[in-house]
Amino acid sequence: MEKLRNGYLFPEIGMRQQAHMEKYPDASIISLGIGDTTEPIPRIITSPMAQHSHALSTREGYRGYGAEQGNKTLRKAISETIYKDMGIKDTEVFVSDGAQCDISRIQLLLGSDVTIAVQDPTFPAYVDSGIIMGQTGDCISATGKYAGIEYMKCGPENLFFPDLTSCTFPTTDVIFFCSPNNPTGHAASRQQLQQLVEIARRNGSLIVYDSAYAAYISDDSPRSIYEIPGAKQVAIEISSFSKLAGFTGVRLGWTVVPHELTYSSGFPVHKDFDRIICTCFNGASSIAQVGGLACLSEQGRRAIEEVIAVYKDNAATLAEAFAGLGLEVYGGTNSPYVWVHFPGRRSWDVFNEILEKTHVITVPGCGFGPGGEGFIRVGAFSTKERIREACCRLRRLFG
Ligand code: PLP
């Protein structure tokens, strides 16, 4: 724990927001920082949750523990809708209380003796949970990197994808890969993911693929690693209802561990992950699972698509506003995040200036890895009106 010197990014932002509110008690703060959803959950999804919840107060409707791996119907619905035509079986889907929790459970499975690679920048939980597991013996370096962890630089100069074919690319046991990436918003192309799968197969690495933002993809980028032939033998996929259906507070996600995925000894990883789930988790809330099932019904899917469209419109508005200011803007089309470059400046300085002068909360890019220095992440989770207001304030500052 001592090695987690940086603290966790979002509590640090929260502290600065709190200090700002104390300094300017009348300011109307617009939070485009922490990626928390803001739109209400459609009733088609909450109604069955409420019904299930009320039934728990009746003798006939009461239910206790469910299967640790999740409700069979929900596992089947996930395999048949999210993984349609990808050949993922319901028994390969483990329902969870969210992707973040599963990242840590996967780390438990991996243990402390593995080497890991991450995109730089990326979602901090992969590195932080790796540090907690003891996957590195050394402290953070002056460049913001932990020894023992391979940071794969993913910036505009390499189309947000590391050069895996270069002979200097080191072999790691595990590659954490997030697409669409948080924070850059980049969705890896089919060709890029084919390369990723190929290198993992060649090196005997395991890919832990995070598809938490897959529902935001508008082009033909793959929505799952299992769209790539051969991925089932090398990849685990974690995902979530959080950004798919506004379940950040409800808590529901899933992890796919294909039966075909084995260690070099030939032993199936699935059996071990099942053991971890049964030991360290006792199954997701039955109420949340009823909600998850409703999300995947035909009407539910239509309803959540409408909500996602709101955030995607917001992202487009933000991207347009920053681009209009002459800044380099990335993301925003396949993701609810816009990634803005401020060359020659430090991310925390840009964060502080924007907060001080516009009362808008963003996220400093360096919090996602040293490769994020000089960038800020702006989130689209807000109302259309608040996003417009934020854009007006930003235009006044940088225009
Ligand atoms: N993975 C990524 C890439 C995320 O950005 C987030 C949350 O922001 C999570 C996982 C965590 O998701 P959950 O709410 O399902 O724990």
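Details of the structure are given in the entry above.
So, how was this worked out
Residues numbered from 1 in each chain as written. Predicted model: local features only at pLDDT ≥ 70, side-chain atom pairs only at ≥ 80, totals over all residues. Heavy atoms only, no water. Salt bridge = Lys/Arg side-chain N within 4 Å of Asp/Glu carboxyl O. Buried < 20%, exposed > 50% of the residue type's maximum accessible area, 1.4 Å probe, protein only. Axes fitted to C-alpha atoms, helices over the stretch in contact; angles between N-to-C directions. Helix = DSSP H or I, 4+ residues; strand = E, 2+ residues; numbered from the N terminus. Parallel < 35°, antiparallel > 145°, perpendicular 65-115°, else oblique. Left-handed = near helix turned anticlockwise from the far one by under 90°. Contact = heavy atoms within 4.5 Å. 1 Å grid on protein atoms, 1.4 Å probe; cavity = no way out; pocket = protein on both sides within 12 Å on 5 of 7 lines; lining within 4 Å. Points joined across faces, edges and corners; volume = space filled by probe spheres on them. Nonpolar A, V, L, I, M, F, W, Y, C, P; charged D, E, K, R; others polar. Domains from an automatic or database assignment. Near = heavy atom within 4 Å. Polar contact = N/O pair within 3.5 Å; in protein donor to acceptor, adjacent residues only side chain to side chain. Phe/Tyr/Trp six-rings, centres within 6.5 Å; stacked < 30°, edge-to-face > 60°. Lys NZ or Arg CZ within 6 Å of the ring centre and 35° of its normal. Pairing = 2+ DSSP bridges.

Asks: Give me the pattern of salt bridges: which residues, what numbers.
Replies: Pairing is possible between side chains that carry opposite charge, provided their charged atoms lie close to one another. Enumeration over the complete set of coordinates arrives at 14 salt bridges. Note that Arg 345 and Glu 353 form a salt bridge whose closest N and O atoms lie 2.8 Å from each other. Residue classification places Arg 345 among the partly exposed residues on the basis of a relative accessible area of 32%. Linked by salt bridges that have partners in common, Asp 97, Asp 102 and Arg 105 make up one network.

Asks: Tell me about the packing of helix H2 (residues 43–55) against helix H9 (residues 286–295), residues and numbers included.
Replies: The N-to-C vectors of H2 and H9 enclose an angle of 150°; their axes lie 8 Å apart at closest approach. The angle between the axes of H2 and H9 places the two elements in the roughly antiparallel class. Along this stretch, H2 crosses H9, giving a crossing that reads as right-handed. For the pair formed by H2 and H9, the contact residues are Ile 44, Ile 45, Pro 48, Met 49, His 52 and Ser 53 on the first element and Ser 286, Ile 287, Ala 288, Val 290, Gly 291, Ala 294 and Cys 295 on the second.

Asks: Tell me about empty space enclosed by the protein, and name the residues and values.
Replies: Applying the stated criterion to the full structure yields one cavity of 30 Å³ or more. Each pocket or cavity is described by its volume, and for the largest cavity that value is around 40 Å³. Lining of the largest cavity is provided by Glu 39, Pro 40, Ile 41, Pro 42, Leu 244, Ala 245, Gly 246, Ile 304, Val 307 and Tyr 311. Listed by contribution, the elements that provide at least two residues to the lining of the largest cavity are helix H7 (242–245) and helix H10 (298–324). The element that contributes the greatest number of residues to the lining of the largest cavity is H10, accounting for three residues. Per-class residue counts for the lining of the largest cavity are eight nonpolar, one polar and one charged. Composition of the lining of the largest cavity by domain shows at least three residues from each of domain 1 (9–31 + 300–398) and domain 2 (47–297).

Asks: Run through the site of the ligand, naming residues and quoting values.
Replies: In the vicinity of the ligand lie 14 residues, with Ala 99, Asp 210, Tyr 213, Ser 240 and Ser 242 positioned nearest. Between the ligand and Asp 210, the relevant distance is 2.6 Å, taken from a nitrogen atom to a side-chain nitrogen or oxygen of the residue. At 2.8 Å, a side-chain N or O of Lys 243 approaches an oxygen atom of the ligand. Considered class by class, the residues forming the shell around the ligand number six nonpolar, five polar and three charged.

Asks: Give me the lowdown on the packing of aromatic side chains, citing residues and values where you can.
Replies: Applying the stated criterion across every chain yields a total of 18 aromatic pairs. Both rings, one in Trp 339 and one in Phe 375, keep their centres 4.8 Å apart while their planes meet at 5°; by these two values the pair is stacked. One end of the pair, Trp 339, is in strand E10 (residues 337–341); the other, Phe 375, is in strand E13 (residues 375–379), and 36 residues separate them in sequence. Among the aromatic residues, ring-to-ring pairing joins Phe 160, Tyr 330, Trp 339, Phe 368 and Phe 375 into one connected group. Just above the ring of Trp 348 sits the side chain of Arg 16; from NZ or CZ to the centre is 3.8 Å.

Asks: Which residues make up the sheet that holds E10, and what are the values?
Replies: Taking strand neighbours across the sheet as the criterion, the four strands line up as E9-E10-E13-E12 in an open arrangement whose pairing is antiparallel. The outermost strands of the open sheet, each flanked by one partner alone, are strand E9 (328–331) and strand E12 (363–364). Bridging between E9 and E10 involves four bridges; their strand directions are antiparallel. When the sheet's bridge partners are listed, Tyr 330 is paired in E10 with Trp 339. Against the sheet, helix H11 (residues 347–358) touches E12 and E13, its axis set at about 45° to E13.

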